[in-house]
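So you can see what is in the structure, the chains are spelled out below.
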Amino acid sequence: MSNPETKLDPADKPSAPPKPQSGDSRRGAIAGLIIAAVILGVGLWLARDLTAASKMQDCLMSGRSNCNVIEPARRPVSAGRVRTKKCRDLNHL
């Protein structure tokens, strides 16, 4: 019934695939790391943006009309301090 020529001999096993070069495996790992970092960055940006939109909607739904975020003005950094006279210095003028 079975043909002896079609049976595979255990000694005729196909050889294992050749090992990839070390540069190729590192290149793939670095590419995967870059892709994961980009996905993480986009996810954080999206979460921050959706949180801000949610806060704005909550404010508007509560009936408020001034829901814009007001950022405090930054003070300019001067090169040097302006010296003012102390009270004790003004007494002898």
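Keep in mind the model is a prediction, meaning the values are calculated, not measured.

All right, on to the overall build of the protein chain then. For the protein chain, the count of helices and strands is two helices and zero strands. A total of about 10000 Å² of accessible surface is found on the protein chain, and carbon and sulfur atoms cover 60% of it.

To continue, consider a nonpolar patch on the surface. Together, Ile30, Ile34, Val38, Val42, Trp45, Leu46 and Leu50 make up an exposed nonpolar region whose accessible area comes to about 690 Å². Among the structural elements, leucine 50 can be located in helix H1 (residues 22–61).

With that out of the way, let us pick up the state of the cysteines. On inspection of all chains with the given rule, the structure shows one disulfide. The disulfide partner of cysteine 59 is cysteine 67, and the gap between their sulfur atoms is 2.0 Å. Taking the sign of the torsion about the S-S bond as the criterion, the disulfide between cysteine 59 and cysteine 67, at about -85 degrees, is left-handed.

With respect to the secondary-structure elements, cysteine 59 resides in helix H1. The class of cysteine 59 is buried, set by a relative accessible area of 12%. Residues in contact with cysteine 59, not counting those within four places in the same chain, are Arg64 and Cys67.

Criteria and thresholds
Residues numbered from 1 in each chain as written. Predicted model: local features only at pLDDT ≥ 70, side-chain atom pairs only at ≥ 80, totals over all residues. Heavy atoms only, no water. Helix = DSSP H or I, 4+ residues; strand = E, 2+ residues; numbered from the N terminus. Areas by Shrake-Rupley, 256 points an atom, 1.4 Å probe, with all protein chains shown as cover. Patch = residues over 30% accessible without salt bridge, like charges linked within 9 Å, V, L, I, M, F, W, Y side chains within 5 Å. Salt bridge = Lys/Arg side-chain N within 4 Å of Asp/Glu carboxyl O. Disulfide = S-S within 2.5 Å. Buried < 20%, exposed > 50% of the residue type's maximum accessible area, 1.4 Å probe, protein only. Contact = heavy atoms within 4.5 Å.

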